[in-house]
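# A closer look at the structure
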Amino acid sequence: MNLKLLLAPLAVLMLGSCMKWDYGEPEAVEAPGRGLFIVCEGNFQYGNATLSYYDPASRTLINEAFYRANGYRLGDVAQSMTMGEGRGWIVVNNSHVVFAIDPDTFRETGRIVSFTSPRYIEFISPTKAYVTQLWDNRIAIVNPSTYEITGYITVPDMQPDQGSTEQMVRLGDYVYCNCWSYQRSIIRIDTRTDSVDARLDVGLQPTSLKLDRYGRLWTLTDGGFEGSPQGYENASLYCIDPETMTIERQFQFRRGDDPSELQLNATADTLYWINRDVWRMDVRASRPPVRPFLEEKSTKYYGLTVDPVTSEVYVADAIDYQQQGMIYRFTGGGVPVDSFYVGISPGAFCWK
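From a predicted model like this one, the values you see are computed outputs, not experimental measurements.

Cut-offs used in this document
Residues numbered from 1 in each chain as written. Predicted model: local features only at pLDDT ≥ 70, side-chain atom pairs only at ≥ 80, totals over all residues. Heavy atoms only, no water. Helix = DSSP H or I, 4+ residues; strand = E, 2+ residues; numbered from the N terminus. Contact = heavy atoms within 4.5 Å. Polar contact = N/O pair within 3.5 Å; in protein donor to acceptor, adjacent residues only side chain to side chain. Salt bridge = Lys/Arg side-chain N within 4 Å of Asp/Glu carboxyl O. Buried < 20%, exposed > 50% of the residue type's maximum accessible area, 1.4 Å probe, protein only. Phe/Tyr/Trp six-rings, centres within 6.5 Å; stacked < 30°, edge-to-face > 60°. Disulfide = S-S within 2.5 Å. Pairing = 2+ DSSP bridges. Axes fitted to C-alpha atoms, helices over the stretch in contact; angles between N-to-C directions. Core = buried A, V, L, I, M, F, W, Y, C linked by side-chain atoms within 4.5 Å. pLDDT = per-residue confidence, 0-100.

## Examining unusual backbone geometry
If you check the backbone angles, His96 has positive phi at about 60° while not being a glycine. Along the chain, His96 falls in the loop between strand 5 (87-92) and strand 6 (97-101). Its identity as a non-glycine residue notwithstanding, Met245 has a phi of 50°, on the positive side. Its location among the elements puts Met245 in the loop between strand 18 (236-241) and strand 19 (246-252).

## So, the environment of Glu108
Note that Glu108 resides in strand 7 (residues 108-112). On a C-alpha basis, the gap between Glu108 and Asn70 in space is 6.8 Å, while along the polypeptide they are 38 residues apart. In contact with Glu108, not counting residues within four places along its chain, are Asn70, Tyr72, Phe99, Ala100 and Ile101. Within polar-contact distance, the side chain of Glu108 engages the side chain of Arg111 at 2.9 Å.

## Considerations on the pattern of salt bridges
Applying the stated criterion across every chain yields a total of 21 salt bridges. Between Arg213 and Asp269 there is a salt bridge, with the nearest N and O atoms lying 3.9 Å from each other. Of the two residues, Arg213 is situated in the loop between strand 16 (210-211) and strand 17 (217-221) and Asp269 in the loop between strand 20 (260-264) and strand 21 (270-275); the sequence distance between them amounts to 56 residues. The exposure class of Asp269 is buried, given its relative accessible area of 16%. Residues joined by salt bridges that share partners form a network here, namely Asp157, Arg199 and Asp201.

## Points about the packing of aromatic side chains
What describes a pair of aromatic rings is the distance from one ring centre to the other and the angle between the planes of the rings. Within the structure shown, the criterion is met by 15 aromatic pairs. Seen in terms of ring centroids, Tyr54 and Tyr314 are 6.1 Å apart; in terms of plane orientation they differ by 70°. Their pairing is edge-to-face. With Tyr54 in strand 2 (residues 50-55) and Tyr314 in strand 24 (residues 313-317), the pair connects residues that are 260 residues apart, well separated along the chain. Tyr314 matches Tyr54 in its accessibility class, with the two residues each being buried. These aromatic residues form a ring-pair network of at least three members: Tyr54, Tyr314, Phe340 and Trp351.

## Notes on the state of the cysteines
Counted under the stated rule, the structure contains zero disulfides. Left without a disulfide partner, Cys239 is nearest to the cysteine sulfur of Cys177, which lies 18 Å away. You can call Cys239 buried: its relative accessible area is 0%.

## A look at the sheet that holds strand 27 (residues 346-351)
One open sheet accounts for four strands, arranged 3-2-1-27; its pairing is antiparallel. Where the open sheet ends on each side, the last strands, each with one partner, are strand 3 (60-62) and strand 27. When the angles between neighbouring strand axes are averaged without regard to direction, this sheet yields 20°. Bridge analysis of strand 2 against strand 3 gives three bridges, and the strand direction is antiparallel. From the neighbouring strand, Asp55 faces strand 3, where its bridge partner is Thr60.

## Here's the deal with the sheet that holds strand 8 (residues 118-125)
Reading across the sheet, the four strands line up as 8-9-10-11 and stay open at both edges, with antiparallel pairing between neighbours. In this open sheet, the two strands that pair with only one neighbour each are strand 8 and strand 11 (148-154). Taken over all neighbouring pairs, the strand axes of this sheet differ in orientation by 25° on average, direction set aside. For strand 8 and strand 9 (residues 128-133), the ladder comprises five bridges, and the chain directions are antiparallel. Note that in strand 9 the partner of Pro118 across the bridge is Gln133.

## Some words on the nonpolar core
One recurring pattern in soluble globular proteins is that nonpolar side chains are buried together. Counting 23 residues, the largest nonpolar core has Leu51, Leu74, Ile90 and Phe106 as its most contacted members. Looking at this core, the elements that each hand over two or more residues are strand 1 (36-40), strand 2, helix 2 (65-70), strand 4 (78-84), strand 5, strand 6 and strand 27. If near-sequence neighbours (up to four positions away) are discounted, Leu51 is found in contact with Phe37, Ile38, Val39, Ile62, Asn63, Glu64, Ala65, Phe66, Leu74, Met81, Ile90 and Ile101. If you look at the next biggest cluster of nonpolar residues, it comprises 16 residues, including Ala235, Phe251, Leu264 and Ala268.

## Looking at the confidence of the model for the chain
In this model, the chain carries a mean pLDDT of 93, and residues with pLDDT of at least 70 account for 93%. With pLDDT under 50 throughout, residues 1-19 is counted as low confidence; its partners more than four residues away or in other chains account for 46 contacts.

This is how it looks when you write it as structure tokens:
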């Protein structure tokens, strides 16, 4: 199972703690233009999460971008990053904070605090965004312009201390969200009322959520784990009609498989995911692939992204979760292009 998900239950132990930021001397760091942010989780409770930045055109890399620009550490377990309202938003799970940064200079422009354990952020308007949380049955409503939590969306039938809302996809007036920890639901939120208006049960513990070019949602489920009070089942890939909230197709994996990191190519017609190797599949396919797109030749494929312009594939290797991780860059045909070291446990990407 993905380490970021294995570590997640431990985060509740630290909810009452305070993150200590070590202050240094800020540098003038700048990287205008198009590029890729690499979010490195670091080690749980060590406060050594980092942010790297890579320019695909020049193949230049900036490690420790956040620390160098601001003079203090990012925090404990950086979970995800999203672009919104001209800023980059970094969600730091176990420090209970979301940072906003200037995407060209990496300087902090503000922060939102007092979350239970934030996971992902989705923008609705200049004054409203949603932040999903671990070990909380509420999705936080925030105002990005004032950096404040303004309210909550309570997920029906979810226990406050066992729930988890994860990735989000916006389609018109609705936001779709997968419920992960001990859950099996995809929920639909009406952004006009900030309330859940529909729910669909899929397999146990959906981990990813994407919207293809034909308006269909895709999610991976991990199936839970042996000994789980909610059971243990085969992982699956689901295709969902978001309008009717019904399952159109299901592709089941073998027992013990652990698919994760679902992604789409630039034209949103090809899916990619990690299941030890990297796999890809046309969204119109009637059966899953039998051979991987990229065989795992590293220590641990841990993160995945596909360039939204060129469809080049980037794979993160966590190695041993203690040393610097490695990023591998491939063409859309699987030909190696570049590789470089980043921070500890690179687990998420964000395109600028």
